[in-house]
Amino acid sequence: MSLYCGIACRRKSFWSYRLLSTYVTKSRYLFELKEDDDACKKAQQTGAFYLFHSLAPLLQKSEHQYQAPQHSLLELERLLAKFGQDTQRIEDSVLIGCSEQHEAWFALDLGLNSSSSINASLQKPEMETELKGSFMELRKALFQLNTKDASLLSTAQALLHWHDGHQFCSRSGQPTKKNMAGSKRVCPSNKIIYYPQMAPVVITLVSDGTRCLLARQSSFPKGMYSALAGFCDIGESLEEAVRREVAEEVGLEVERLQYSASQHWPFPNSSLMIACHATVKSGQTEIQVNLRELEAAGWFSHDEVATALRRNNPYTQQQNGTFWLPPKLAIAHQLIKEWVEKPNCSTLPA
Ligand SMILES: NC(=O)C1=CN([C@@H]2O[C@H](COP(=O)(O)OP(=O)(O)OC[C@H]3O[C@@H](n4cnc5c(N)ncnc54)[C@H](O)[C@@H]3O)[C@@H](O)[C@H]2O)C=CC1
Ligand SMILES: [Mg+2]
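Residues numbered from 1 in each chain as written. Chains lettered and ligands numbered in written order. Predicted model: local features only at pLDDT ≥ 70, side-chain atom pairs only at ≥ 80, totals over all residues. Heavy atoms only, no water.

Going by the annotation in an unreviewed UniProt entry, the name recorded for the protein is NAD(P)H pyrophosphatase NUDT13, mitochondrial, with Acinonyx jubatus given as the source organism. UniProt, in the comment section headed Function (unreviewed entry), describes the protein in these words: "NAD(P)H pyrophosphatase that hydrolyzes NADH into NMNH and AMP, and NADPH into NMNH and 2',5'-ADP. Has a marked preference for the reduced pyridine nucleotides. Does not show activity toward NAD-capped RNAs; the NAD-cap is an atypical cap present at the 5'-end of some RNAs." What UniProt records for the protein under Subcellular location (unreviewed entry) is the sentence "Mitochondrion". (UniProt positions renumbered as here; feature names shortened; annotations may be inferred.)

Written out as structure tokens, the structure is:
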């Protein structure tokens, strides 16, 4: 039994306290699993596994949506045995969360070369037939999943990706060893600890008070416009990164900005998207697009953006030749929606 279970099981009549208590005990349970390999291994016995193949999650189609199926440890062991693999491979799995009842959730990639087992990657088509699903590229899968599965699979893919790329110590060149939960890797020869990393990215919706600025990169799907985004440089504050990115990409100077929200984004590697609203100095709204970064940028009226949000279907809009906006799940969409609902939201001096 978990150290924190006693607190979790006590009944409380005041609902908000119970909510907080559940969240706190869950967080502490996950912390315990990350710190204690034995506790984590034990949690695998009653846990649920999400499967990947070469970083593509296993999905099953239900009526209207895709779902990410869970497998028990026993099912996983049977599956590996059927494909002539040893169960040592399960040690490659990473902890990605747990239910309110403390059922731990793990992710395991069956396609990447295993660092725990000598067996090579498992064949995708055979596995798909056996598992009655398909391994779908995350970029395609993400927008067809419910919010919970999308968030879990993003975390899982980001963590599996990080482990796959950090198998060796950059100082000694020796293989590093992951802890049971996959929250770190350690070099056995010099004890350097490597933690999974995210790159901070600012994403800014610039407004001149009545219009907002949208841009597209040549790599975007045809017709899609979004807010300005850019990686933070080392040593920069969030405010400095916003001012620099806006200046670099469209040649404008940010006067005021307001933090909105943040989001983990798994592409191309793990990023922490930090979303802000910004306004530029009045009378200084002439855009100079940096064509090394962007294909196009422009000011859009409130009506144009509100209309695009209402019928945000890339397929029909591509046919009409009109522009379209990032899908609901992307934080850029939330930022644009916020501006449409409250175009004059207050911003702070940058
Ligand atoms: N979730 C969302 O709503 C959105 C997410 N994004 C994400 O934001 C990210 C950044 O946007 P960009 O305009 O491409 O950034 P950017 O404007 O900083 O330009 C990308 C360039 O920055 C350099 N760079 C500096 N640090 C880097 C790092 N840690 N990783 C990779 N490249 C680095 C590279 O030369 C790269 O070509 C993209 O990867 C994109 O996936 C972009 C728009 C919407
Ligand atoms: Mg950019």
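After that view, the rundown keeps rolling.
Participant: Would you mind showing me how to read helix H9 (residues 302-310) here?
Facilitator: An α-helical segment advances 3.6 residues per turn. Residues three or four places apart therefore align on the same side. Among all positions in H9, only Val305, Ala306, Ala308 and Leu309 are buried. Seen along its axis, H9 keeps its buried residues to an arc of 160°; they face one direction. Facing away from the buried surface of H9 by more than 90 degrees, the exposed residues are Asp303 and Arg310. (Buried < 20%, exposed > 50% of the residue type's maximum accessible area, 1.4 Å probe, protein only. Helix = DSSP H or I, 4+ residues; strand = E, 2+ residues; numbered from the N terminus. Arc of directions from axis to C-beta.)

Participant: Explanation requested: the domain arrangement of the protein in the structure shown.
Facilitator: How big an interface is tends to be stated in terms of the accessible area lost upon association of its parts. When its domains are assigned, the protein resolves into domain 1 (22-113 + 122-165) and domain 2 (199-341). Computed from C-alpha coordinates alone, the two centres of domain 1 and domain 2 are separated by 33 Å. Each partner contributes residues to the interface: domain 1 has 10 residues there, and domain 2 has nine residues. Taking both sides of the interface into account, the surface hidden between domain 1 and domain 2 amounts to around 820 Å²; carbon and sulfur atoms contribute 77%. Of all residues in domain 1, Arg139, Leu142 and Phe143 bury the most surface against domain 2, accounting for 50% of the area lost on that side. Applying the counting criterion to the domain 1 and domain 2 interface returns zero salt bridges. (Domains from an automatic or database assignment. Contact = heavy atoms within 4.5 Å. Buried area = accessible area lost by both parts, 1.4 Å probe. Salt bridge = Lys/Arg side-chain N within 4 Å of Asp/Glu carboxyl O.)

Participant: Help me understand helix H5 (residues 124-131) in this model?
Facilitator: Residues of H5 that are buried: Met127, Glu128 and Leu131. The arc enclosing the buried residues of H5, seen along the axis, measures out at 100°, which places them on a common side. Residues of H5 that are exposed and angled more than 90 degrees away from the buried face: Pro125 and Thr129. Turning to H5, the residues buried within the fold contact strand E1 (48-53), strand E2 (56-61), helix H4 (73-82) and strand E6 (134-135).

Participant: I keep staring at the confidence of the model for the protein and nothing clicks. Help me out?
Facilitator: A low pLDDT score tells you not to read the predicted coordinates there in detail. The pLDDT averaged across the protein works out to 89; a share of 87% of its residues lies at or above 70. In the model, residues 1-17 has pLDDT below 50 throughout and makes 13 contacts with residues more than four positions away in sequence or in other chains. The ipTM for the predicted assembly is 0.94, set against a pTM of 0.88. (pLDDT = per-residue confidence, 0-100.)

Participant: Sorry if this is basic, but what is going on with the pattern of salt bridges here?
Facilitator: Oppositely charged side chains may form a pair once their charged atoms are brought near each other. If you walk through the whole model with that rule in mind, you get 12 salt bridges. The shortest N-O distance in the salt bridge between Arg216 and Glu295 comes to 2.7 Å. Remark: Glu295 occurs in the loop between strand E14 (271-280) and strand E15 (296-301) and Arg216 occurs in strand E11 (residues 211-216); sequence separation between them is 79 residues. Using a relative accessible area of 41% as the deciding quantity, one classes Glu295 as partly exposed. Glu253 serves as the salt-bridge partner of Arg243, at 3.2 Å between the closest nitrogen and oxygen.

Participant: Which parts of the structure should I look at to understand the site of ligand 1?
Facilitator: Within the structure, ligand 1 sits among 19 residues, and Gln217, Ala229, Phe231, Glu249 and Ala332 are positioned closest to it. The contact in question runs from an oxygen atom of ligand 1 to an N or O atom on the side chain of Gln217, over 2.6 Å. Interatomic distance of 2.7 Å between a side-chain N/O atom of Glu249 and an oxygen atom of ligand 1. Protein chains bury 64% of the 850 Å² of accessible surface belonging to ligand 1 in isolation. Considered class by class, the residues forming the shell around ligand 1 number 12 nonpolar, four polar and three charged. (Near = heavy atom within 4 Å. Polar contact = N/O pair within 3.5 Å; in protein donor to acceptor, adjacent residues only side chain to side chain. Areas by Shrake-Rupley, 256 points an atom, 1.4 Å probe, with all protein chains shown as cover. Nonpolar A, V, L, I, M, F, W, Y, C, P; charged D, E, K, R; others polar.)

Participant: Sorry if this is basic, but what is going on with the coordination of the magnesium ion (ligand 2) here?
Facilitator: Octahedral metal centres with six donors ideally show angles of 90 or 180 degrees, and tetrahedral centres with four donors ideally show 109.5 degrees. At the metal site, the magnesium ion (ligand 2) is ligated by Ala229 (O) and Glu249 (OE), and these contacts range over 2.1 to 2.2 Å. Note that Ala229 is positioned in strand E12 (residues 228-231) and Glu249 in helix H8 (residues 238-250), a separation of 20 residues in sequence. For Ala229, a relative accessible area of 26% gives the class partly exposed. (Donors = N, O, S within 2.8 Å, 3.2 Å for Na, K, Ca; no water.)

Participant: Mind showing me how you'd approach the side chain of Thr176 here?
Facilitator: Here Thr176 shows up in the loop between helix H7 (147-165) and strand E7 (177-178). Of note is the side chain of Thr176, whose polar atom sits 3.0 Å from the backbone oxygen of His166. Dropping the residues within four chain positions of it, Thr176 is found in contact with His166, Gln167, Phe168, Cys169, Arg185, Val186, Cys187, Pro188 and Tyr194.

Participant: What's the story with the packing of aromatic side chains in this structure? I'm lost.
Facilitator: The geometry of two aromatic rings is summed up by the distance between their centres and the angle between their planes. If you walk through the whole model with that rule in mind, you get five aromatic pairs. Measuring from centroid to centroid gives 6.0 Å for Tyr225 and Phe323, while their planes differ by 80°, and the two rings are edge-to-face. Of this pair, Tyr225 sits in the loop between E11 and E12 while Phe323 sits in the loop between helix H10 (314-320) and helix H11 (331-341), placing them 98 residues apart in sequence. In this structure an aromatic cluster arises from ring pairing among Tyr225, Phe300 and Phe323. The positively charged end of Arg139 is found above the aromatic ring belonging to Phe267, 4.3 Å away from the centroid. A cation over a ring is seen here: Lys148 above Trp105, with NZ or CZ 4.8 Å from the ring centre. (Phe/Tyr/Trp six-rings, centres within 6.5 Å; stacked < 30°, edge-to-face > 60°. Lys NZ or Arg CZ within 6 Å of the ring centre and 35° of its normal.)

Participant: What exactly am I supposed to notice about the state of the cysteines here?
Facilitator: Disulfide: a covalent bond connecting the sulfur atoms of a pair of cysteines. Overall, the coordinates contain zero disulfides when judged by the stated rule. Between Cys40, a cysteine without a disulfide, and Cys98, which holds the nearest cysteine sulfur, the sulfur-to-sulfur distance is 11 Å. Its relative accessible area of 0% is what places Cys40 among the buried residues. As a non-bridged cysteine, Cys169 has Cys187 as the owner of its nearest cysteine sulfur, 3.8 Å distant. Look at Cys169 and you get buried, because its relative accessible area is 4%. (Disulfide = S-S within 2.5 Å.)

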